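# Overview (structure and organization)
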Amino acid sequence: MSENTQQTIIVKSEKNPGLAAGLAFFLGPIGLLYSTVIGSICMFFVNIVVGFLAFGFGLILTWPICCIWGYIAASNYNKKLHASV
């Protein structure tokens, strides 16, 4: 007699780094939600503080950081996804 064995397959899709950077470019910290929730929350509060203290001019520095962070976070997610296979 043979035993029934069950195999579980978990399917996760990759995140597109270009889309992550584009969303962060157009939506700022809200766009980071696609690639990293913690990064999005962090940059949201950083943008509020920097925007308030620098009268909005500080966003010239923090907005590109959102784009870079989104791209790197999506790339790292994909690397971890492929490493677990």
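The structure displayed is predicted, hence computed values, not measured ones. (Residues numbered from 1 in each chain as written. Predicted model: local features only at pLDDT ≥ 70, side-chain atom pairs only at ≥ 80, totals over all residues. Heavy atoms only, no water.)

## Structural notes on the side chain of N47
The condition that has to hold: Secondary structure elements follow DSSP: runs of H or I no shorter than four residues count as helices, runs of E no shorter than two count as strands, and numbering proceeds from the N terminus. A contact between two residues is defined here by any heavy atoms of the two lying within 4.5 Å.
Tracing the chain through its elements places N47 in helix α2 (residues 37-53). Excluding anything up to four places from it in sequence, N47 contacts P29, L59, T62, W63 and C66.

## So, the packing of aromatic side chains
Just so we agree on the cut-off: Here the aromatic set is Phe, Tyr and Trp, taking the six-membered ring for Trp, and pairing holds for ring centres within 6.5 Å; pairs whose planes are under 30 degrees apart are stacked, those over 60 apart are edge-to-face, and all others are tilted. Put simply, a charge is over a ring when the Lys NZ or the Arg CZ is close to the ring centre, within 6 Å, and near the line of the ring normal, within 35 degrees.
Taken as a whole and judged by the stated rule, the model has 2 aromatic pairs. Ring geometry for F25 against F26: centres 5.0 Å apart, planes inclined by 85°, an arrangement best described as edge-to-face. Here F44 and F45 contribute two aromatic rings whose centre-to-centre distance is 5.6 Å and whose plane-to-plane angle is 80°, an arrangement assigned as edge-to-face. In this structure, K15 is placed above the aromatic ring of Y77, and the distance from its NZ or CZ to the ring centre is 4.5 Å.

## Comments concerning helix α3 (residues 59-83)
Short version of the rule: Multiplying 1.5 Å by the residue count of a helix minus one yields the expected span of that helix. The rule is simple: take the accessible area with a 1.4 Å probe, protein chains only, and divide by the maximum for that residue type; under 20% is buried, over 50% is exposed, in between is partly exposed.
An ideal rise of 1.5 Å per residue puts 36 Å on 25 residues; α3 measures up with 35 Å between its terminal C-alpha atoms. Listing the buried residues of α3 in full gives T62, C66, C67, G70, A73, A74, S75, N78 and L81. Tucked into the core, α3 has its buried residues touching α1 (17-27) and α2.

## Focus: the packing of α1 against α3
Worth spelling out the cut-off: Helix axes use the C-alpha atoms of the stretch in contact, all axes being lines fitted to C-alpha atoms, and the angles between their N-to-C directions lie in the range 0 to 180 degrees. Working definition: roughly parallel below 35 degrees, roughly antiparallel above 145 degrees, roughly perpendicular at 65 to 115 degrees, and oblique for all remaining angles. Put simply, a crossing is left-handed when the front helix is turned counterclockwise from the back one by less than a right angle, and right-handed when it is turned clockwise.
Contact pair α1 / α3: the axes reach a minimum separation of 8 Å and the direction vectors enclose 155°. One element, α1, and the other, α3, form an angle in the roughly antiparallel class. Read as a crossing pair, α1 and α3 show a hand that is right-handed. Contact with α1, carried on its side by P17, G18, A20, A21, A24, F25, F26 and L27, involves W63, C66, C67, G70, Y71, A74, S75 and N78 of α3 and no other residues of that element.

## Let's talk about the packing of α2 against α3
The condition that has to hold: Under the convention adopted here, Pro, Cys and the residues Ala, Val, Leu, Ile, Met, Phe, Trp and Tyr are nonpolar, Asp, Glu, Lys and Arg are charged, and Gly plus all remaining residues are polar.
Where α2 meets α3, the closest approach of the two axes is 10 Å, and the angle between their N-to-C directions is 170°. Comparing the axis directions of α2 and α3 gives the class roughly antiparallel. Seen from α2, the contacting residues are G39, C42, M43, V46, N47, V50 and G51; seen from α3, they are L59, T62, W63, I65, C66 and W69. A breakdown of the residues in the contact of α2 with α3 according to their chemical character gives 9 nonpolar, 4 polar and no charged.

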